[in-house]
Amino acid sequence: MSELKSRPPVKSKQDLDEFLSGAENRAQTKTKTSTKGESALPWEEAGIREDVTKVYNLRLSEPYLLKLRYIADHTPDSMQTFCLSVLKDAIDKKINELIK
């Protein structure tokens, strides 16, 4: 006879308890402070990975989009590579200003 069932498998109570305790542990790590007594900066928290890439959409006016395409057509960089290099430098500079 077939092992197929008419309803989806149900998580056991133990699995749900483990899930909830994991959420509590994560909340506790977010409230920990750094050695300076200040709150940890978001990008310095445990679990933040350098190899994970997140998507962020950027709205540009049509003239700036065309300028960006022109740069990509006349340099070895793609539009993405150019924007990423310029944006990372600007972000780091602004963060240094805010932290000081």
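Quick caveat, the model's predicted, so the values are computed rather than measured.

Colleague: Pulling in residues and values, what's your account of the overall build of the chain?
Modeller: A count of helices and strands for the chain gives three helices and zero strands. For the chain, the residues scored as buried account for 2% of the 100 residues in total. By element, 56% of the accessible surface of the chain is carried by carbon and sulfur atoms, the whole surface being about 10300 Å².

Colleague: Can you break down the packing of aromatic side chains residue by residue, with the values?
Modeller: Using the criterion set out here, one finds zero aromatic pairs in the structure. The ring of Tyr64 has Lys67 sitting right over it, with the charged end atom 4.4 Å from the ring centre.

Colleague: An account of the environment of Asp51 is needed here, citing residue identities and associated values.
Modeller: Note that Asp51 resides in the loop between helix H1 (13-31) and helix H2 (62-74). A polar side-chain atom of Asp51 sits 2.8 Å from a polar atom in the side chain of Arg49.

Colleague: Kindly report on the pattern of salt bridges, identifying the contributing residues and their values.
Modeller: Between side chains of opposite charge, pairing is possible as soon as their charged atoms come close. Inspection of every chain in the model, using the stated rule, returns two salt bridges. Notably, a salt bridge pairs Asp51 with Arg49, separated by 2.8 Å at the nearest N-O pair. Taken as a pair, Asp51 and Arg49 share a single burial class, namely exposed. When the shortest N-O distance is used, the salt bridge between Glu97 and Lys94 registers 3.7 Å. Here Lys94 and Glu97 lie together in helix H3 (residues 79-99), a separation of three residues that amounts to about one turn.

Colleague: Give me a nonpolar patch on the surface: which residues, what numbers.
Modeller: Residues Tyr56, Leu58, Leu60 and Tyr64 make up a contiguous nonpolar surface patch of roughly 510 Å² in combined accessible area. Structurally, Leu60 can be placed in the loop between H1 and H2.

Colleague: Residues and numbers for the confidence of the model for the chain, please.
Modeller: Of all residues in the chain, 74% have pLDDT values of 70 or greater, and the mean over the chain is 81. Looking across the chain, the model is least confident in H1, with a mean pLDDT of 64, and most confident in H2, with 97. Ignoring residues within four places in sequence, the model shows residues 30-36, a span with pLDDT below 50, making four contacts including any to other chains.

Colleague: Any details on the environment of His74? Residues and values, ideally.
Modeller: Along the chain, His74 turns up in helix H2. Engagement of the side chain of His74 in a polar contact is seen with the backbone oxygen of Tyr70, the distance being 2.9 Å.

Colleague: Break down the packing of H2 against H3 for me, with residues and values.
Modeller: H3 packs onto H2 with a crossing angle of 105 degrees between their chain directions and a minimal axis gap of 8 Å. Taken together, the axis directions place H2 and H3 in an arrangement best described as roughly perpendicular. Here H2 contributes Leu65, Leu68, Arg69, Ile71 and Ala72 to the contact with H3, which in turn contributes Met79, Phe82 and Cys83. Residues that form the contact of H2 with H3 fall into these classes: seven nonpolar, no polar and one charged.

Here is what the cut-offs are and how they apply
Residues numbered from 1 in each chain as written. Predicted model: local features only at pLDDT ≥ 70, side-chain atom pairs only at ≥ 80, totals over all residues. Heavy atoms only, no water. Helix = DSSP H or I, 4+ residues; strand = E, 2+ residues; numbered from the N terminus. Buried < 20%, exposed > 50% of the residue type's maximum accessible area, 1.4 Å probe, protein only. Areas by Shrake-Rupley, 256 points an atom, 1.4 Å probe, with all protein chains shown as cover. Phe/Tyr/Trp six-rings, centres within 6.5 Å; stacked < 30°, edge-to-face > 60°. Lys NZ or Arg CZ within 6 Å of the ring centre and 35° of its normal. Polar contact = N/O pair within 3.5 Å; in protein donor to acceptor, adjacent residues only side chain to side chain. Salt bridge = Lys/Arg side-chain N within 4 Å of Asp/Glu carboxyl O. Patch = residues over 30% accessible without salt bridge, like charges linked within 9 Å, V, L, I, M, F, W, Y side chains within 5 Å. pLDDT = per-residue confidence, 0-100. Contact = heavy atoms within 4.5 Å. Axes fitted to C-alpha atoms, helices over the stretch in contact; angles between N-to-C directions. Parallel < 35°, antiparallel > 145°, perpendicular 65-115°, else oblique. Nonpolar A, V, L, I, M, F, W, Y, C, P; charged D, E, K, R; others polar.

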